[in-house]
Amino acid sequence: MADAKPTMFERITRRFFCTFLPFLVRRQGGAGTREHWERHPTASAFEGIDPASQAQMDEIVALVPDRAAAILDMGCNVGRHLDYLYRKGYRNLRGVDWSAAALRDMASRYPEAHAASKLTCASFEDFLSGDAEPVELVYTRGATFELVHPSFPLIRRVCRVARQYVVMVISEAGHAYPRFWEYEFAREGFELAHLRRPASVLAPEHKVSLMTFRRLG
Ligand SMILES: C[S@@+](CC[C@H](N)C(=O)[O-])C[C@H]1O[C@@H](n2cnc3c(N)ncnc32)[C@H](O)[C@@H]1O
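The model shown is predicted, which means the values in this text are computed figures rather than measured ones.

Draft legend 1. Representation of the site of the ligand within the structure. Taken together, the neighbourhood of the ligand is formed by 17 residues, with Trp37, Phe46, Gly75, Asn77 and Trp98 sitting nearest. For the shell around the ligand, the class distribution of residues is 9 nonpolar, 5 polar and 3 charged.

Spelled out as structure tokens, the structure:
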């Protein structure tokens, strides 16, 4: 029965939901909206470096040893990863997030990293459609890219900004819109250089993968 083809009714229903899901999510103020993240409490959320984050931070430090290299955190929220990299000596850090509340709270939680980082309050869509400066490495820790509707050419735009690497720790199976990450990066001239599922064996319950893409040539 697992191989049974969907009926015409099922196909039409699925197509309807795929078409209108983004509008329904927006109407409900779900995690794919700025309003949701503006209201999301930042006082105690996204604190500390869990094992999956540690795996991502170790990867970044190994890939880019130059402390002056430009590194961009997409969906930085209150900046726990930016603070980690700042304490490791990185001095050309950037972050983008559409939650003004989260960026404001970063000033009190991580004052030094906040003062030293170039932060932009914008949606990924607006940020990447403008004149975003190229950086050596772009990273993101979910749920961030998983929430972006695929009608926006996210990976094409990210690859314009990333000179060398894109390091993602994301939920491959838990996103709103299934994507073919490897294919999308390959089209932009990036190869999957490192894949770890789960990102850290110390916390497999996080169900996130580490995916490092590297520019070819
Ligand atoms: C689950 S939080 C992760 C925060 C951070 N990466 C961490 O792990 O500490 C997702 C963050 O992505 C931001 N975000 C989600 N979609 C976004 C979009 N389209 N444009 C800008 N920021 C977005 C949210 O505001 C939120 O701060």
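Draft legend 2. Quick look at the nonpolar core. Core analysis: the largest hydrophobic core is formed by 52 residues, its most contacted members being Ile60, Ile71, Leu85, Leu137, Val138, Ala162 and Val166. The residues contacting Val166, other than those within four sequence positions of it, are Val138, Val158, Phe190 and Phe213.

Draft legend 3. Focus on the environment of Leu63. Tracing the sequence through the fold places Leu63 in helix H3 (residues 51-63). Between the C-alpha atom of Leu63 and that of Arg214, which follows or precedes it by 151 residues, the distance is 10.0 Å. The residues contacting Leu63, other than those within four sequence positions of it, are Leu137 and Tyr165.

Draft legend 4. Structural detail: helix H4 (residues 80-87). Counting buried residues in H4 gives 6 out of 8 residues, a clear majority hidden from the surface. Among the residues of H4, those classed as buried are Arg80, His81, Leu82, Asp83, Tyr84 and Leu85. Following H4 by one or two positions, Gly89 has its phi on the positive side, about 105°.

Draft legend 5. Fine view of the environment of Ala122. For Ala122, the location among the structural elements is in the loop between strand E3 (118-121) and helix H7 (124-129). Between the C-alpha atoms of Ala122 and Met168, which are 46 residues apart in sequence, the distance is 20 Å. Excluding residues that lie within four positions of it along the chain, Ala122 makes contacts with Val96, Trp98 and Phe127.

Draft legend 6. Seen up close, the sheet that holds strand E4 (residues 135-141). With mixed pairing, the 7 strands of this open sheet are ordered in space as E3-E2-E1-E4-E5-E7-E6. The sheet is open, and its two borders are formed by E3 and strand E6 (190-196), each paired with just one other strand. Here the average twist between neighbouring strands, direction ignored, is 15°. As defined by bridge partners, E4 adjoins strand E5 (residues 162-170) across 6 bridges and the pair is classed as parallel. Within E5, the residue paired with Val135 across the bridge is Ala162. Lying over the sheet, helix H8 (residues 154-161) contacts strand E1 (71-74), E4, E5 and E6, oriented at roughly 135° with respect to E5.

Conventions and cut-offs
Residues numbered from 1 in each chain as written. Predicted model: local features only at pLDDT ≥ 70, side-chain atom pairs only at ≥ 80, totals over all residues. Near = placed C-beta within 6 Å. Nonpolar A, V, L, I, M, F, W, Y, C, P; charged D, E, K, R; others polar. Core = buried A, V, L, I, M, F, W, Y, C linked by C-beta atoms within 7 Å. Buried ≥ 20, exposed ≤ 12 C-beta atoms within 10 Å, placed from the backbone. Contact = placed C-beta atoms within 7 Å. Helix = DSSP H or I, 4+ residues; strand = E, 2+ residues; numbered from the N terminus. Pairing = 2+ DSSP bridges. Axes fitted to C-alpha atoms, helices over the stretch in contact; angles between N-to-C directions.

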